[in-house]
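Listed below, chain by chain, are the residues.
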Amino acid sequence: CEYRHGFFSGLWPTVAKVSFCAGIRFVGYGEMAERLRSRPGRPEGPIAIWESLVAGGTAGGVSAVLSQPIDVVRANMMSLDARRYSSSLACARAILRSGGLPGLFLGVGPRICRVCVEESLKFTLFEAAERQLCALFPP
């Protein structure tokens, strides 16, 4: 069926990218927040807003760079030219043939900027919401 190919093209690269990014972001944020929280001379207590912004932005930036090749393949698999590729692997090979390794990192700069802001805000808001909920409903 014609519609199935169009509707589901790029599904597996999207699932791979989202899963990979979520893992990097949550693990990265947790590790960075813990390192910031336990640095010498820092007073006890919850993570500060600036610390959460730094940890979230860094985790987001790292995930953006590491997942960019998957994202480029995903975008190509979902484009109007997706019919050219028989699979995600064929798409990645075509990108490598035409643009080399840099071809898999096209658009990484703007993506880093967007994801750093997005993740720093997301994790900072999460920390603030957690504090408010803990104040309302003490453990």
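Residues numbered from 1 in each chain as written. Predicted model: local features only at pLDDT ≥ 70, side-chain atom pairs only at ≥ 80, totals over all residues. Heavy atoms only, no water.

With that settled, the discussion passes to the overall build of the protein chain. When helices and strands are tallied, the protein chain shows 5 helices and 0 strands. From first element to last, N terminus to C terminus, the protein chain shows the α and β order α-α-α-α-α. For the protein chain, the C-alpha radius of gyration of 19 Å lies well beyond 14 Å, the compact-globule estimate for 139 residues. Taken over the C-alpha atoms alone, the protein chain extends approximately 55 × 30 × 20 Å along its principal axes. Within the protein chain, buried positions represent 32% of all 139 residues. Within the protein chain, contacts between residues separated by at least 24 positions form 74% of all contacts whose residues are at least 6 apart in sequence. When the accessible surface of the protein chain is split by element, carbon and sulfur atoms take 70% of a total near 8,900 Å². When the 16 basic and 11 acidic side-chain charges of the protein chain are each reduced to a single mean position, those positions are 8 Å apart. (Helix = DSSP H or I, 4+ residues; strand = E, 2+ residues; numbered from the N terminus. Rg over C-alpha atoms; globule rule 2.2 N^0.38 Å. Buried < 20%, exposed > 50% of the residue type's maximum accessible area, 1.4 Å probe, protein only. Contact = heavy atoms within 4.5 Å. Areas by Shrake-Rupley, 256 points an atom, 1.4 Å probe, with all protein chains shown as cover. Lys, Arg positive; Asp, Glu negative; His and termini not counted. Charge placed at Lys NZ, Arg CZ, Asp CG, Glu CD.)

The nonpolar side chains of soluble globular proteins are, as a tendency, buried together. With 8 residues, the main nonpolar core is built from V72, V73, M77, Y85, C91, A92, I95 and L104. Where this core is concerned, the elements lending two or more residues are α3 (49–77) and α4 (88–103). When near neighbours in sequence (up to four residues on either side) are disregarded, C91 contacts V73, N76, M77 and Y85. In this structure, Y29, I47, A55 and A59 belong to the second largest nonpolar core, which totals 7 residues. (Core = buried A, V, L, I, M, F, W, Y, C linked by side-chain atoms within 4.5 Å.)

Take a nonpolar patch on the surface next. A cluster of nonpolar side chains, I49, L53, V117, L121 and L125, forms an exposed patch at the surface whose accessible area comes to about 470 Å². For the nonpolar patch, the secondary structure elements donating two or more residues are α3 and α5 (108–136). In terms of residues, the nonpolar patch owes the most to one element, α5, which gives 3 residues. Among the structural elements, L53 can be located in helix α3. (Patch = residues over 30% accessible without salt bridge, like charges linked within 9 Å, V, L, I, M, F, W, Y side chains within 5 Å. Salt bridge = Lys/Arg side-chain N within 4 Å of Asp/Glu carboxyl O.)

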